[in-house]
Amino acid sequence: MARPKVVITGGAGFIGSHVADALVREADVVAVDHLKAGKRANLEGALKSGATLRKQDLLRGDLGPIFRGADLVYHFAANPDVRLGREGTKPLIDENILATYRVLEACRGAKVPKVAFTSTSTIYGEASVVPTPEDYAPLAPISIYGATKLADEALLSAYAHTFGVQAVIFRMANVVGGRSGHGVVVDLVRKLARDPKHLEILGSDPGTAKSYVYIDDVVAGISTGVRAADQPVSVYNLGSDDTIAVRSLADAICDELGLTDVEYRWTGGAGGGRGWAGDVRVMQLAIDRIKSKGWRPRKTSEAAIRAAAKDAWASVGTPKPRA
Ligand SMILES: NC(=O)c1ccc[n+]([C@@H]2O[C@H](COP(=O)([O-])OP(=O)(O)OC[C@H]3O[C@@H](n4cnc5c(N)ncnc54)[C@H](O)[C@@H]3O)[C@@H](O)[C@H]2O)c1
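Residues numbered from 1 in each chain as written. Predicted model: local features only at pLDDT ≥ 70, side-chain atom pairs only at ≥ 80, totals over all residues.

### As for the site of the ligand
For the ligand, the set of nearby residues contains 28 residues, the closest of which are Gly10, Gly13, Gly38, Ala78 and Thr118. Taken together, the elements giving at least two residues each to the shell around the ligand come down to α1 (14-23), α4 (90-109), β5 (114-120) and β7 (174-176). Looking at the shell around the ligand, the element that brings in the most residues is α1, giving 3 residues. (Near = placed C-beta within 6 Å. Helix = DSSP H or I, 4+ residues; strand = E, 2+ residues; numbered from the N terminus.)

Laid out in structure tokens, this is it:
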């Protein structure tokens, strides 16, 4: 049987490059990325094993030829920052909603049968049921990022039912691990590299309590969900079985890096422990659905944070974390 062709948008990013590594043995992998956040270096291993990289902005040009002949598209490209940047809301609308619309149009034109999509826990907003299951309602995001991802899910559902492009949607907790360029672990590790004695932390002590999931678990979960999906639209939460507060997370990072007597300086943030407006205070996803397909997270939130801290430190530099 011919090897399947898979296209990974955002393939030079954190999650995309790890999925490329996992797929390259069994499929012809085409990574598509404009390389603004993503890096060619992230794909070094996959490229050596036969993957190809197309430098392309999904917001420009004719995307049709990229997707022609694809058996499966992993649409991961996005602006992944929940916290609004200085540029405001428009980049999120463009890079998340408009780019997804253009990808779906190209998939429809190229008759791509299946799209896997990285959605997020933030579509649930401040859920009254925690751990939050996939059928929780009402879906009321409190961040622009969450709103864009919910809009994407609506588009995916409509393209599945109208044009037959099957959708597999992964609503993920905070994903951490090597090659990540954003998020609390990377932020805190970079700050500690600059000043190992003081640590500025967004929010107020003890901070938000959220679920963190390690990249290896996410790659395995996406593989499980894609294989199991048998509906026009399948939705899977992906996360760990617990939460960790930001204070404990900072303690775990300092401990993992062998740093003692670090003075924490809380910024106060947006109140109620939130680091910024739009930050959810408590997040844990019910993961029974993906577990029923045979997947289990191997790491707790704390174990994921510790492993990710080591990964981040290795890319930042001195001093050395504990062996
Ligand atoms: N990391 C997390 O904790 C997390 C949690 C939930 C969902 N997600 C989602 O997972 C996906 C991957 O996130 P990530 O953490 O790997 O982020 P990332 O920034 O490392 O990867 C995204 C990649 O997409 C590329 N990209 C963005 N816009 C593009 C465009 N218009 N054209 C071409 N390339 C473009 C970037 O260059 C980058 O390489 C995103 O959809 C994100 O919203 C991430």
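### Points about the sheet that holds strand β11 (residues 233-238)
Strand order across the open sheet formed by 7 strands is β3-β2-β1-β4-β5-β6-β11, with parallel pairing between neighbours. One side of each edge strand has no neighbouring strand; the edge strands of this open sheet are β3 (52-55) and β11. Pairwise comparison of adjacent strand axes, ignoring direction, gives a mean angle of 20° for this sheet. As judged from the 5 bridges shared by strand β1 (residues 5-9) and strand β2 (residues 28-33), these two strands associate in the parallel manner. Bridge pairing links Val6 to Val29 in β2. (Pairing = 2+ DSSP bridges. Axes fitted to C-alpha atoms, helices over the stretch in contact; angles between N-to-C directions.)

### Looking at the packing of helix α6 (residues 184-194) against helix α8 (residues 246-256)
Interaxial distance between α6 and α8 falls to 11 Å at its minimum, and their mutual angle equals 50°. Classified by the interaxial angle, the pair formed by α6 and α8 is oblique. With respect to the hand of their crossing, α6 and α8 are arranged in right-handed fashion. From α6, Val184, Val185, Leu188 and Val189 reach across to α8, where they touch Val246, Leu249, Ala250 and Ile253. Here the residues of the contact of α6 with α8 sort into 8 nonpolar, no polar and no charged. (Parallel < 35°, antiparallel > 145°, perpendicular 65-115°, else oblique. Left-handed = near helix turned anticlockwise from the far one by under 90°. Contact = placed C-beta atoms within 7 Å. Nonpolar A, V, L, I, M, F, W, Y, C, P; charged D, E, K, R; others polar.)

### Topic: the domain arrangement of the chain
It is common to give the size of an interface as the accessible area lost on bringing the parts into contact. Assigned domains within the chain: domain 1 (5-175 + 213-238) and domain 2 (177-211 + 242-283 + 296-316). Taking only C-alpha atoms into account, the centre of domain 1 sits 25 Å from that of domain 2. For the side of domain 1 that touches domain 2, the elements supplying multiple residues, two or more each, are α1, β7, β10 (212-214) and α7 (215-228). Residues belonging to the side of domain 1 that touches domain 2 are distributed by class as follows: 13 nonpolar, 7 polar and 4 charged. (Domains from an automatic or database assignment.)

### Description of α7
With 14 residues, α7 should reach 20 Å at 1.5 Å per residue; the first-to-last C-alpha distance of 20 Å fits that figure. Residues of α7 that are buried: Ile215, Asp217, Val218, Gly221, Ile222 and Gly225. Projected onto a plane normal to the axis of α7, the buried residues spread over an arc of 145° and lie on a single side. (Expected span 1.5 Å × (residues − 1). Buried ≥ 20, exposed ≤ 12 C-beta atoms within 10 Å, placed from the backbone. Arc of directions from axis to C-beta.)

### Some details on the pairing of strand β6 (residues 166-172)
The buried fraction of β6 amounts to 6 of the 7 residues, a majority that puts the element mostly inside the structure. As paired elements, β5 and β6 share 7 bridges and run parallel to each other. Among the inter-strand pairings, Thr120 is bridged to a residue of β6, identified as Met172. Remark: the β5/helix α5 (residues 144-163)/β6 crossover connection has right-handed handedness. As paired elements, β6 and β11 share 6 bridges and run parallel to each other. Considered in β11, the bridge of Phe170 is made with Tyr236. (Right-handed = clockwise from strand over helix to strand, strands pointing away.)

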